[in-house]
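Examining the three-dimensional arrangement
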Amino acid sequence: MEDQSCRSVEIDGNSTSNSELDSYDHNSPWALDIGGTLIKLVYFSRKDSSLESVGNSVQVEEVGLVTGSKKYPILDGKLHFAKFQTSKINECLDFIESKLLHGSCCSHQEVSDKKKLLIKATGGGAYKYADLFKEKFGIRLDKEDEMDSLVAGANFLLKAVPCEAFTYMEGRKDFVQIDASDLFPYLLVSIGSGVSMIKVDGDGKFERVSGTSLGGGTLLGMGMLLTNCQSFDEFLELSHKGDNRNIDMLVRDIYGVTGYSKLGLSATTIASSFGKVSFDNKVLKDYKKEDLARSLLRMISNNVAQIAYLNAGHGQLKRIIFGGFFTRGHEYIMETISDGVQYWSKGKAKAMFLRHEGFLGALGAFKSYEKHGLGSLMGHHLTEQSPVASPR
Ligand SMILES: Nc1ncnc2c1ncn2[C@@H]1O[C@H](COP(=O)(O)OP(=O)(O)O)[C@@H](O)[C@H]1O
Ligand SMILES: CC(C)(COP(=O)(O)O)[C@@H](O)C(=O)NCCC(=O)O
């Protein structure tokens, strides 16, 4: 199971001067997003930091974003992204220890003469696992609201990182540079274990307009039950090889080869996900795992796309931006979501995806150090050095 990975992007600090910055140890500010399924960790290392060479059990790949200016060399370095299974939180703790992160951060709190480290953390686990971090490292998790963090992370990426957003249709990825003055409003759809839909009107201005419990956790949970696969990656691999038409009832199975043209329902449109099964006199083992995986993937992706479209339509939003680890750059998932949005909106709305889609909350929490007078930890004008792979 691909239960952890780590990537990095190179950035230069581009901050306003802040004297507080100089009195703290900035070797490696870091922040966490502890979700229902995955823990996302974002940390910063200076260019000459020993962090690069410690804890090499986790692969660190350079992705390659560099800022223009070098005003604050103390902040020059790399932003790293790592993820872990929430169910294996000890691996995350070991990683933090191996990178010596437990001794460094951006903010301290004086508690009975002792300086305590405060680490920005978001997601439900910031509450659930607060005691664990306190007991293990003496660290206090400084909780940032999950929705605030998602929006802050998405706005930062959309405004500051060129070639962050892209569309994916008919096998083609097209990067979209959105003018910051024309960014809002948009619908942010975070597909994690569950799904949150947030109408974003500006920095810190948003409303969670909807959500659904049929999300990434549903796909993974049902996928494991139906196919016996042990991981998300294994499930995706299976789904590649499958044919959902052996499981789903299509319009043609009901109407015949002409489809239901009066309603614009072509013969190949899925009329009922998993509907074919009710016709067959078969049991689970008679079905190919690949087909079940494909059908389930389409069912969840279509459903999220449809609910997203409905909410975007309601708020008259033309852009729907998908985040969360569910998509993970997986072409078939993105294609299915794009098709769904295209189909339901009759081409009026567009699905967009983000290269750092799984790290919105963690990035938002990381950026929130700024709110507390710690200057800008990340440059605001990042320029792309070369086409990059996403940190997945
Ligand atoms: N390596 C992985 N392990 C588990 N789930 C993964 C993995 N990669 C992608 N996923 C998908 O991403 C979902 C979790 O997304 P994420 O945005 O991290 O949500 P959460 O914050 O709830 O953990 C999972 O439910 C699963 O569908
Ligand atoms: C509770 C959550 C915000 C937690 O976020 P997650 O860990 O799934 O990313 C999310 O799972 C969610 O929005 N679920 C849908 C709940 C609902 O609106 O019905």
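As the structure is a computational prediction, the values presented were derived from the model and not from experiment.

**Brief notes about the overall build of the protein chain**
For the protein chain, the count of helices and strands is eleven helices and 19 strands. By residue count, 53% of the 392 residues in the protein chain fall in the buried class. Sequence-distant contacts in the protein chain: of pairs separated by 6 or more residues, those separated by 24 or more amount to 72%. Surface exposure of the protein chain reaches about 17200 Å², of which carbon and sulfur atoms provide 49%.

**A closer look at the domain arrangement of the protein chain**
Looking at the protein chain, the domain boundaries give domain 1 (4-148 + 360-384) and domain 2 (216-247 + 287-354). Each partner contributes to the interface: domain 1 provides five residues, whereas domain 2 provides four residues. A per-residue breakdown of the area domain 1 buries against domain 2 is headed by Thr-37, Lys-83 and Leu-360, which together make up 73% of the total. Taken together, domain 1 and domain 2 are joined by zero salt bridges. For the interface between domain 1 and domain 2, the tally reads zero residue pairs in polar contact (both at pLDDT 80 or more). Split into classes, the residues belonging to the side of domain 1 that touches domain 2 amount to two nonpolar, one polar and two charged.

**What about the site of ligand 2?**
Taken together, Gly-35, Gly-36, Glu-146, Met-147, Ser-193, Gly-194, Val-195, Ser-196, Arg-208, Gly-211 and Thr-212 form the complete shell of residues around ligand 2. Contact between ligand 2 and Glu-146: an oxygen atom at 2.8 Å from a side-chain N or O atom of the residue. Backbone polar atom of Ser-193 to an oxygen atom of ligand 2: 3.2 Å apart, as the coordinates give it. Burial of ligand 2 by the surrounding chains reaches 60%, relative to a free accessible area of 460 Å². Where the shell around ligand 2 is concerned, the elements lending two or more residues are helix H5 (146-160), strand S13 (195-202) and strand S14 (205-212). Top contributing element to the shell around ligand 2 by residue count: S14, with three residues.

Thresholds applied
Residues numbered from 1 in each chain as written. Chains lettered and ligands numbered in written order. Predicted model: local features only at pLDDT ≥ 70, side-chain atom pairs only at ≥ 80, totals over all residues. Heavy atoms only, no water. Helix = DSSP H or I, 4+ residues; strand = E, 2+ residues; numbered from the N terminus. Buried < 20%, exposed > 50% of the residue type's maximum accessible area, 1.4 Å probe, protein only. Contact = heavy atoms within 4.5 Å. Areas by Shrake-Rupley, 256 points an atom, 1.4 Å probe, with all protein chains shown as cover. Domains from an automatic or database assignment. Buried area = accessible area lost by both parts, 1.4 Å probe. Salt bridge = Lys/Arg side-chain N within 4 Å of Asp/Glu carboxyl O. Polar contact = N/O pair within 3.5 Å; in protein donor to acceptor, adjacent residues only side chain to side chain. Nonpolar A, V, L, I, M, F, W, Y, C, P; charged D, E, K, R; others polar. Near = heavy atom within 4 Å.

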